[in-house]
2 protein chains.
Amino acid sequence: MAATIRDVARLAGVSPSTVSRALSLPEMVNPATRARVAAAVEQLGYAPNRAARGLITGRTGTIGLVVPDLANPFFASLTKGVQARARHHDVAVFVADTDEDPSAEAGLVRALAKQVDGIVLCSPRVDDDELVAIAQDAAVVLVNRSAAGLPGVAYDNEDGMRQAVAHLVALGHRKIAWVGGPATSWSTQHRGLGLRNAADSLRARLVPVGNFAPTYEGGVAAADQVVATGATAVVAYNDLVAIGLLARLHSRGISVPADLSVVGVDDIAMAGMARPALTTIRLPKQEAGRIAVELLLTVLDAPDGLGYTRPVAHQDELKGELIVRDSTGPAPRTDRRPSH
Amino acid sequence: MAATIRDVARLAGVSPSTVSRALSLPEMVNPATRARVAAAVEQLGYAPNRAARGLITGRTGTIGLVVPDLANPFFASLTKGVQARARHHDVAVFVADTDEDPSAEAGLVRALAKQVDGIVLCSPRVDDDELVAIAQDAAVVLVNRSAAGLPGVAYDNEDGMRQAVAHLVALGHRKIAWVGGPATSWSTQHRGLGLRNAADSLRARLVPVGNFAPTYEGGVAAADQVVATGATAVVAYNDLVAIGLLARLHSRGISVPADLSVVGVDDIAMAGMARPALTTIRLPKQEAGRIAVELLLTVLDAPDGLGYTRPVAHQDELKGELIVRDSTGPAPRTDRRPSH
DNA sequence: ACACGAGCTGCAACCGATTGCAAACTCGAT
DNA sequence: ATCGAGTTTGCAATCGGTTGCAGCTCGTGT
């Protein structure tokens, strides 16, 4: 059995209160005593029980992280970032994977909320009202979505899409297809919007081909429709979709980038390993995780403890970065024509 | 603030003890009372504070998971499996990523051990003595390594490697290169051993080309040495390494599988997306996570509470499955020669 | 010699649950 | 009416910490 504060106290010949103070308010206890306590702690390998502390202070030193799918490299990276930053602050992380099941999500988050100080919620499909309710039990920070005046960190999708379109237009592309992710996804909506704006201002034509699963299979499924549009370039919802496109295009004998340029989003590790290596918008994934944790801890340290009452929540925006690899190239000359 | 058991008791007009019993030992309380309590619980949205319960029962309902790198799809899948199974048992999971830093690992695990009932430890580089020490604070289940009589789940590497070699030999390969992972890794050792045995009994020649990082870059680095051996096939430590090999071979103009067959291990999602699609030994990753959790909970439920005193620990073995894709093919005829 | 304040330390209450034990109640039998 | 057995319920102790408050010990100034 692990040593308790009483064991340490006995060994050091002081009261438990003194041990507690020696550890959390060192300047309050006599250096000599402090040393004796430290020795006892060392000898017993004592570490305070966080749970017990949590009962008193109301802070468990634990946060929760909810992601749709850990097997998705994007969320794996994000988790890594959250986890690293949390450890840096000596905070433990509960990880929950909803398995892309929105119905499970609400219940899971509510259950989690009781056990942690705060929650980092990634691209939740829970609706805004539900979110606000949850925010009563625990502080919530949103990733990749902004809503309900809750604090969060999101990517500047508009800017990223503008970079992608600018790159393609510079290569001579005038007709660009867009393979969206799940229709309800915040990212799909904002990326679609960003593409629309960028295309309009850069005099390119945008052809949305619909909504697909944010997976390799989704990309495979979308490929033929992309080809049918006659576009010379395509922007995919994310890298997985883009890689799916690549695979199907290859098996149809359509050459990338000679016949069709492909751009992804995320820059997961796989993007650089694809053939051809994928041009993509790199999103700082671990960075987002780190920032989310900082944001959460800030909210927790705020005087009112939870911060959900405060309407002005901090909202961070992260910019993406265009990574040009081999999947984009000059538009084929045969398809070139005026944009109107 | 969240409702406590006292709030529920007050609302239901009973004592806290009764509420506690109504929730955990329902048959012990009068149905009418039970109903009143249930109503109060419902109305207040009450959920017991796990931490408080943990103080009394000594069981926190929490387990820890330690992995070297979450961004590695292999560990991401494993985490997913652990997480899903744990939730099924209403157990929460702390996830810690050591960032492939063995020195951080020991400390991290010890800290974690105080906060959880048990730990699932993946391919730890901590040494056996350290492990035993840790097992005093919390139950430990090892994944992908067996040691110190601790319970664990591992892959039958020997069998997997035998399948790989048999496949290659059947295709006419007689000289097979082996790109190992980190020398200290348990998997590297066992896979190397399995290959050696399989090669010996199937009359093929095994050429180890050394130890490399278990990453894409490791594969890229190993490729030229593989080529230099003159082998007609190569088995890589894992799929990431295999994909790295594929990339470098491609850029050197070496055709896979016409000139060289490549086999990976793991069957991560990326393996199917590689070009050519990778032949590999599929390891049941989520399954391993699930089994590890079951094992851990079994150990925890054992009469002596921790089980580390019991020398006979359960050890599960999972078999891999050969997945043949496009990266393996008949040995080139020009290189064929007797195996001695 | 005495008062006073500063610096430490310990007592005891408390956080939110669980649980052994005993009290209270119910009901049927004597 | 009394008793005993069985069922339900509450009291109070407990887990491992934290913290307000009071008390103790000194050193110093007068």
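Residues numbered from 1 in each chain as written. Chains lettered and ligands numbered in written order. Predicted model: local features only at pLDDT ≥ 70, side-chain atom pairs only at ≥ 80, totals over all residues.

**Digging into the overall build of chain A**
Each helix and strand counted, chain A has 13 helices and twelve strands in total. Here chain A has a C-alpha radius of gyration of 25 Å; the compact-globule value for 340 residues is 20 Å, and the former is much larger. Its C-alpha atoms give chain A principal-axis dimensions of about 90 × 40 × 30 Å. Looking at chain A as a whole, 50% of its 340 residues qualify as buried. Excluding contacts between residues fewer than 6 apart, the proportion of contacts in chain A whose partners are at least 24 apart in sequence is 67%. (Helix = DSSP H or I, 4+ residues; strand = E, 2+ residues; numbered from the N terminus. Rg over C-alpha atoms; globule rule 2.2 N^0.38 Å. Buried ≥ 20, exposed ≤ 12 C-beta atoms within 10 Å, placed from the backbone. Contact = placed C-beta atoms within 7 Å.)

**Observations regarding the relation of the copies chain B and chain A**
For the pair chain B and chain A, the relating rotation is 180°, the translation along its axis is 0.0 Å, and the fit reaches an RMSD of 0.1 Å. Expressed as an axis order, the relation between the two copies is that of a two-fold axis. Looking at chain B, 100% of its interface residues are interface residues in chain A too, so the copies touch through the same face. (Least-squares fit on C-alpha atoms with pLDDT ≥ 70 in both.)

**Here's the deal with the protein's contact with DNA strand D**
Near DNA strand D you find 25 residues, and of these A:Ile5, A:Ser17, A:Ser20, B:Ser17 and B:Thr33 are the closest. Every element with two or more residues in the surface near DNA strand D is listed here: helix H2 (16–24) and helix H4 (50–57) of chain A together with helix H2 (16–24) and helix H4 (50–57) of chain B. Among the elements that line the surface near DNA strand D, the one with the most residues is H2(A), at six residues. Of the residues assigned to the surface near DNA strand D, the class counts are twelve nonpolar, eleven polar and two charged. (Near = placed C-beta within 6 Å. Nonpolar A, V, L, I, M, F, W, Y, C, P; charged D, E, K, R; others polar.)

**Details of the protein's contact with DNA strand C**
Around DNA strand C sit 24 residues in total, of which A:Thr33, B:Thr4, B:Ser17, B:Ser20 and B:Asn49 are the nearest. Among the secondary structure elements, those contributing two or more residues to the surface near DNA strand C are H2 and H4 of chain A together with H2 and H4 of chain B. Residue classes in the surface near DNA strand C are distributed as eleven nonpolar, eleven polar and two charged.

**A word on the interface of chain B and chain A**
The partner chain A presents 35 residues to the 35 residues of chain B that form the contact. Of all the secondary structure elements, the ones that give two or more residues to the side of chain B that touches chain A are H4, helix H5 (73–88), strand E2 (92–97), helix H11 (239–251) and helix H12 (269–273) of chain B. By residue number, the principal contributor to the side of chain B that touches chain A is H5(B), which donates seven residues. Looking at the side of chain B that touches chain A residue by residue, the classes come out as 21 nonpolar, eight polar and six charged.

**A look at the packing of H4(A) against H4(B)**
Where H4(A) contacts H4(B), the axes come no closer than 9 Å and their chain directions differ by 130°. In this view, H4(A) runs oblique relative to H4(B), as classed from their interaxial angle. Both H4(A) and H4(B) take part in a crossing whose hand is left-handed. Touching A:Ala51, A:Ala52, A:Gly54 and A:Leu55 of H4(A) are B:Ala51, B:Ala52, B:Gly54 and B:Leu55, all from H4(B). Here the contact of H4(A) with H4(B) is composed, by residue class, of six nonpolar, two polar and no charged. (Axes fitted to C-alpha atoms, helices over the stretch in contact; angles between N-to-C directions. Parallel < 35°, antiparallel > 145°, perpendicular 65-115°, else oblique. Left-handed = near helix turned anticlockwise from the far one by under 90°.)

**Topic: the pairing of strand E4 (residues 139–143) of chain B**
Two faces make up the sheet, and in a regular strand the side chains alternate between them. All names here are of chain B. In terms of residue burial, E4 counts as a mostly covered element, since five of its five residues are buried. Of the two faces of E4, both are covered, the one formed by Ala139, Val141 and Val143 as well as the one formed by Val140 and Leu142. Where strand E3 (residues 118–122) lies against E4, five bridges are found, and the strand directions are parallel. Residue Ile119 lies in a different strand from E4, and its bridge partner there is Val140. The sheet contact formed by E4 and strand E5 (residues 152–155) spans two bridges and is parallel. Bridged to Leu142 within E5 is Gly152. (Pairing = 2+ DSSP bridges.)

**Side note on H4(B)**
Regarding H4(B), the residues found buried are B:Arg50, B:Ala51 and B:Gly54. Taken end-on, H4(B) shows its buried residues confined to a sector of 95°, consistent with a single buried face. Next to the buried residues of H4(B) lie H4 and helix H6 (102–115) of chain A. Positive backbone phi, at 75°, marks B:Gly58, one or two positions downstream of H4(B). (Arc of directions from axis to C-beta.)

**Quick notes on the environment of B:Ala222**
All names here are of chain B. Turning to its location among the elements, Ala222 is positioned in helix H10 (residues 216–229). The spacing of Ala222 and Gly264 is 42 residues in sequence and 14 Å in space, taken between C-alpha atoms. Beyond its immediate chain neighbours, meaning those up to four positions away, Ala222 contacts Val179, Val209, Phe212, Val241 and Leu245.

**Examining unusual backbone geometry**
All names here are of chain A. Of note, the amide linkage connecting Val256 to Pro257 takes the cis form, showing an omega dihedral of 10°. Within the secondary structure layout, Pro257 lies in the loop between helix H11 (239–251) and strand E9 (261–266). The phi angle at Asp90 is positive, at roughly 60°, despite the residue not being glycine. By secondary structure assignment, the location of Asp90 is in the loop between helix H5 (73–88) and strand E2 (92–97).

**Structural notes on the domain arrangement of chain A**
By domain assignment, chain A separates into domain 1 (5–57), domain 2 (62–154 + 285–318) and domain 3 (157–283). One C-alpha centre belongs to domain 1 of chain A, the other to domain 3 of chain A; they are set 58 Å apart. (Domains from an automatic or database assignment.)

**Notes on the sheet that holds strand E6 (residues 175–180) of chain A**
Residue and element names in this part refer to chain A. Read across the sheet, six strands follow the order E7-E6-E8-E9-E10-E12 without closing on themselves; strand pairing throughout is mixed. Across the chains shown, the open sheet's two edge strands, defined by having one partner strand only, are strand E7 (205–211) and strand E12 (321–323). Each neighbouring strand pair of the sheet contributes to a mean axis angle of 20°, computed without reference to strand direction. Bridge analysis of E9 against strand E10 (residues 279–282) gives four bridges, and the strand direction is parallel. Bridge pairing links Val263 to Thr279 in E10. Of the strands in this sheet, E6, E7 and strand E8 (233–236) touch helix H10 (residues 216–229), which is tilted by about 145° from E7.

**Looking at the sheet that holds strand E6 (residues 175–180) of chain B**
All names here are of chain B. Spatially, six strands are ordered E7-E6-E8-E9-E10-E12 in an open sheet, and the strand pairing comes out mixed. Of all strands in the sheet, those bounded by a partner on one side alone are strand E7 (205–211) and strand E12 (321–323). The average undirected angle you get between the axes of adjacent strands in this sheet is 20°. In terms of strand pairing, strand E10 (residues 279–282) meets E12 through three bridges, oriented antiparallel. Directly across from Arg282, in E12, lies its bridge partner Glu321. Most of the contacts of helix H9 (residues 186–201) go to E7, to which it runs at about 165°, and overall it touches E6, E7 and strand E8 (233–236). Here H11 sits on the sheet and contacts E6, E8, strand E9 (261–266) and E10; the angle it forms with E9, its principal contact strand, is near 155°.

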